[in-house]
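# Architecture and fold: a report
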Amino acid sequence: TQSQWEVMGTYIVEGIRHILFGADHLLFVLGLLLIVGSGWMLVKTITAFTVAHSITLAVATLGLEQAPALPLNAAIALSILFLGPEIVRVWRGETSLTIRHPWVVAFAFGLLHGFGFASGLSSMGLPQAEIPLALLLFNVGVELGQLAFVLLVLLLERSFRVLEVRWPRAVQRLPGYAVGTLGAFWTI
């Protein structure tokens, strides 16, 4: 049995840990960043991802719906793989639904990722008297971890630009190819 303060501390920290040690979720967010860049569309896209995974996290945690683990993991891997070619399209100056409306894709795949977050939350156990609080705080922790990651990537990108670091073309493209390659590997 934990007090409300202990539940708060535990589940915020666990939410942060879940996102920061969840390479699949971080790669998906990185893929979105590589497609969108920055600005208002990035805020809209990350918000859509957040709203979607918050919905399915709550639905799954409250026992209203479940997703079988193996197909869910394959679908999450496919969502990452899906972003790989979209990143290449951005590099080529091409367009697609994902490039024009990345928030739609972020929302759709966010629904899958929420079920993934729920499996992480369920595996650690929930205090029966504080399920809504634990769910809310875990989600807050996930968001804090996700925002920290986004901020880190944006700050690194800005730092390289300010310092006028000139990376070879292969190094510039490495993050995009990593998203697609790891998505393919996890799918297989």
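A short tour of the structure in this document, coming up. (Residues numbered from 1 in each chain as written. Predicted model: local features only at pLDDT ≥ 70, side-chain atom pairs only at ≥ 80, totals over all residues. Heavy atoms only, no water.)

## Digging into the overall build of the chain
This is how the line gets drawn: Secondary structure elements are taken from DSSP: a helix is a run of H or I of four residues or more, a strand is a run of E of two residues or more, and numbering for both begins at the N terminus. The reference for a compact globule is 2.2 Å times residues^0.38; the radius of gyration itself is calculated from the C-alpha atoms. Only protein chains enter the accessibility calculation, which uses a 1.4 Å probe. A residue is then buried if its area is under 20% of the maximum for its type, exposed if over 50%, and partly exposed in between. Every residue pair with non-hydrogen atoms within 4.5 Å of one another is taken to be in contact. Working definition of accessibility: Shrake-Rupley area with a 1.4 Å probe, residue cover restricted to the visible protein chains. For this count, His and the chain ends are skipped, Lys and Arg are scored as positive, and Asp and Glu as negative. A single reference atom marks each charge: NZ on Lys, CZ on Arg, CG on Asp, CD on Glu.
Scanning the chain from N- to C-terminus turns up eight helices and zero strands. The order of α-helices and β-strands along the chain, N terminus first, is α-α-α-α-α-α-α-α. Here the C-alpha radius of gyration of the chain, 17 Å, is about what a compact globule of 188 residues would show, namely 16 Å. On the principal axes, the C-alpha backbone points of the chain span a range of 55 × 35 × 30 Å. Looking at the 188 residues of the chain, the share that counts as buried comes to 39%. Within the chain, contacts between residues separated by at least 24 positions form 85% of all contacts whose residues are at least 6 apart in sequence. For the chain, the accessible surface area stands at approximately 10,300 Å², while carbon and sulfur atoms represent 69% of it. Each charge sign in the chain was given a centre, from 10 positive and 10 negative side chains, and these centres are 17 Å apart.

## Focus on a nonpolar patch on the surface
Heads up, the condition is: What makes a patch is a set of residues exposed beyond 30% relative accessible area and free of salt bridges, joined within 9 Å when like-charged and within 5 Å when nonpolar (Val, Leu, Ile, Met, Phe, Trp, Tyr). The rule for a salt bridge is simple: a side-chain nitrogen of Lys or Arg has to be within 4 Å of a carboxyl oxygen of Asp or Glu.
On the surface, a cluster of nonpolar side chains totalling about 620 Å² of accessible area is made up of Leu152, Leu156, Phe160, Leu163, Val165, Trp167 and Val171. The leading source of residues in the nonpolar patch is helix H7 (residues 131–162), at three residues. Along the chain, Leu156 falls in helix H7. For Leu156, a relative accessible area of 41% puts it in the partly exposed group.

## A few points about the packing of helix H3 (residues 40–61) against helix H6 (residues 102–124)
What counts is decided by this rule: Note on method: axes are straight lines fitted to C-alpha atoms, helices fitted across the in-contact stretch only, with angles between N-to-C directions ranging 0 to 180 degrees. Handedness of each helix crossing follows the sense of rotation of the near helix against the far helix: counterclockwise by less than a right angle gives left-handed, clockwise gives right-handed. Only Asp, Glu, Lys and Arg are considered charged, only Ala, Val, Leu, Ile, Met, Phe, Trp, Tyr, Cys and Pro nonpolar, and every remaining residue, Gly among them, polar.
It is the contact of H3 with H6, at a shortest axis distance of 6 Å, that shows an interaxial angle of 35°. At the point where H3 passes H6, the crossing takes the right-handed sense. Here the contact of H3 with H6 is composed, by residue class, of 18 nonpolar, seven polar and one charged.

## Some thoughts on helix H1 (residues 4–20)
Worth spelling out the cut-off: Multiplying 1.5 Å by the helix residue count minus one yields the expected span of that helix. Taking the helix axis as origin, the arc is that swept by the directions to the C-beta atoms.
Given a rise of 1.5 Å per residue, 17 residues ought to cover 24 Å, and the 24 Å separating the end C-alpha atoms of H1 matches this to within 8%. All of the buried residues along H1 are Val7, Tyr11, Gly15 and Ile19. What you see down the axis of H1 is that its buried residues fit within an arc of 75°, all on one side.

## Topic: the nonpolar core
Worth spelling out the cut-off: Think of a nonpolar core as a cluster: buried Ala, Val, Leu, Ile, Met, Phe, Trp, Tyr and Cys residues, connected wherever their side-chain atoms sit within 4.5 Å.
Core analysis: the largest hydrophobic core is formed by 39 residues, its most contacted members being Tyr11, Phe28, Val29, Leu57, Leu121, Phe138 and Val179. Looking at this core, the elements with two or more residues in it are H1, helix H2 (23–36), H3, helix H4 (69–92), H6 and H7. Of the residues forming this core, the biggest block, nine residues, is contributed by H2. Those residues in contact with Phe138 that lie beyond four places of it in its chain are Tyr11, Glu14, Gly15, His18, Leu57, Phe117, Leu121 and Met124.

## Overview of the packing of H2 against H3
Working note: a packed helix pair is described by the angle between its axes plus the distance between those axes. In plain terms, the rule: Angular relationships are summarised with four words: roughly parallel below 35 degrees, roughly antiparallel beyond 145, roughly perpendicular across 65 to 115, and oblique for the angles in between.
Running from amino to carboxyl end, H2 crosses H3 at an angle of 155°, the nearest separation of the two axes being 10 Å. Relative to H3, the element H2 is oriented roughly antiparallel. Both H2 and H3 take part in a crossing whose hand is right-handed. Mapping the contact onto sequence places Phe28, Val29, Leu32, Leu33 and Val36 in H2 and Met41, Leu42, Thr45, Ile46 and Phe49 in H3. When the residues that make up the contact of H2 with H3 are grouped by side-chain class, the tally is nine nonpolar, one polar and no charged.

## Remarks on the pattern of salt bridges
The final tally for this structure, using the stated rule, is three salt bridges. A salt bridge links Arg17 to Glu14; the shortest N-O distance between them is 3.3 Å. Taken together, the positions of Arg17 and Glu14, both in helix H1 and three residues apart, correspond to about one turn of that helix. Arg17 gets classed as partly exposed once you look at its relative accessible area, which sits at 44%. Taking the relative accessible area as the measure of exposure, Glu14 reaches 23% and is therefore partly exposed. Residues Arg89 and Glu86 are paired through a salt bridge, measuring 2.7 Å at the closest nitrogen-oxygen approach.

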